[in-house]
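# Commentary on secondary and tertiary structure
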Amino acid sequence: MEYQRPIADWEIGNEIEGFYVLKSAQQRTSNSGKPFLNATLADRTGAVEAKMWDYSGPVGQADEGTVVKVRGAVTEFRGAAQFIIARIRTVQEGDKFDLADLVPAAPIDPADAWAELQAAVDDLRDSDYQAVCRRMMEQYGERFRTIPAAKSMHHSFLHGLLMHTVNMVRCAQGLGDLYRDVVDEDLLIAGTLLHDFAKCEEFVTSSLGLVTDYSVNGQLLGHLVMGARAAAEAARELGVPEEKSVLLQHLLLSHHGEPEFGAAVRPMCAEAEMLNLIDLMDSRMEIYREAFEEVEPGQFTKRIFALDKKVYRHF
């Protein structure tokens, strides 16, 4: 039995005991009609699918985003590691573990990343877009710097939203300059910076800072609508011209591209089109990055739900 071994170092056949983050948990029923727990365990090095057979509680979905103690064995299922849980419980008084070993965090320096975004705003030539960005950074900054960018899809770790946004702003700066005859670079950068700020209101996070659910407003309105509304309110208070306010709102409302992917409207200006492409590119490259951490060069990953395919790591 190995105690508190990092998930990235788990090998088929290992027997493991220790404290890990319960990233997801659903009570399900097998084909034979017996209840089982379908879960994902995580630490700062990675995540693994886990199952506990003939189990109906008490640990379940309400405990997502918290730390649990588990004991079990690492097996193989469809070419990937799977942890079969023998015992599981929530944390009890007196338990000792290092939270820094458990909570996955973005591979960035948060202070440097935030400073880079502030510098990007300082470099905007349009004082109206600059003012809206500064106002919303003041409004959301503290929470924005910490939360993940998603519950599970991509950048689902601490500081993930900050990392995602910094990557996208860098792309917007380069592409805005490349296509300066087509796009208003300041509008593109402002929309890119602000596109996910309302996730600060959309997400419910655990005591560990991980996303566990969506707020009532997040489910009824979503971060696109809430973000556009916040940008419009900031623009109104700052006296920004109506056309600029509407353009900025349009970028936030359309950045998912198509209604079937959550967009309130389709992109109808060049900056909105580019923002959607940048968002898609960065989210997909992060999915690849995380998937490549689980395989060696020369191997295919398991099927990735978000991409609806497996992918090949060639180096």
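Our subject is the structure listed above.
Summarised in this report is the structure supplied together with it. (Residues numbered from 1 in each chain as written. Predicted model: local features only at pLDDT ≥ 70, side-chain atom pairs only at ≥ 80, totals over all residues. Heavy atoms only, no water.)

By the definition in use, this model includes 20 salt bridges. As a salt-bridge pair, arginine 5 and glutamate 2 come within 2.9 Å of each other at their nearest N and O atoms. Given the relative accessible area of 30%, glutamate 2 is considered partly exposed. A salt bridge links arginine 71 to glutamate 17; its shortest N-O distance comes to 3.2 Å. On the criterion of sequence distance, the pair formed by arginine 71 in strand 5 (residues 66–77) and glutamate 17 in strand 2 (residues 15–29) is long-range, its members being 54 residues apart. Judged by relative accessible area, arginine 71 falls into the partly exposed class, the value being 27%. In this structure, a network of salt bridges that share partners links the residues Glu17, Lys69 and Arg71. (Salt bridge = Lys/Arg side-chain N within 4 Å of Asp/Glu carboxyl O. Buried < 20%, exposed > 50% of the residue type's maximum accessible area, 1.4 Å probe, protein only. Helix = DSSP H or I, 4+ residues; strand = E, 2+ residues; numbered from the N terminus.)

Before going further, it helps to examine the pairing of strand 2. As defined by bridge partners, strand 1 (residues 2–3) adjoins strand 2 across two bridges and the pair is classed as parallel. Bridge pairing in strand 2 links glutamate 2 to isoleucine 16. The pairing of strand 2 with strand 5 spans eight bridges and is classified as antiparallel. Bridge pairing in strand 5 places phenylalanine 19 opposite lysine 69. Two elements, strand 2 and strand 3 (residues 35–43), share eight bridges in a ladder whose sense is antiparallel. Across the sheet, threonine 29 pairs through a bridge with proline 35, a residue of strand 3. Counting the residues in the hairpin turn of strand 2 and strand 3 gives five residues, including glycine 33, whose phi is positive at 90°. (Pairing = 2+ DSSP bridges.)

So, on to the packing of aromatic side chains. Summed over the entire model, instances satisfying the criterion amount to ten aromatic pairs. Measuring from ring centre to ring centre gives 4.9 Å for phenylalanine 300 and tyrosine 312, while their planes differ by 45°; the resulting arrangement is tilted. Here the residue phenylalanine 300 occupies a position in strand 9 (residues 299–300), and tyrosine 312 occupies one in strand 10 (residues 312–313), the gap between them amounting to twelve residues. Every member of this aromatic cluster is reached through a ring pair, and the members are Trp114, Tyr140, Phe144 and Phe197. The aromatic ring of tryptophan 114 is capped on one face by arginine 145, whose charged end is 4.8 Å from the ring centroid. In this structure, lysine 310 is placed above the aromatic ring of phenylalanine 300, and the distance from its NZ or CZ to the ring centre is 5.1 Å. (Phe/Tyr/Trp six-rings, centres within 6.5 Å; stacked < 30°, edge-to-face > 60°. Lys NZ or Arg CZ within 6 Å of the ring centre and 35° of its normal.)

That is the geometry; function is a separate question.
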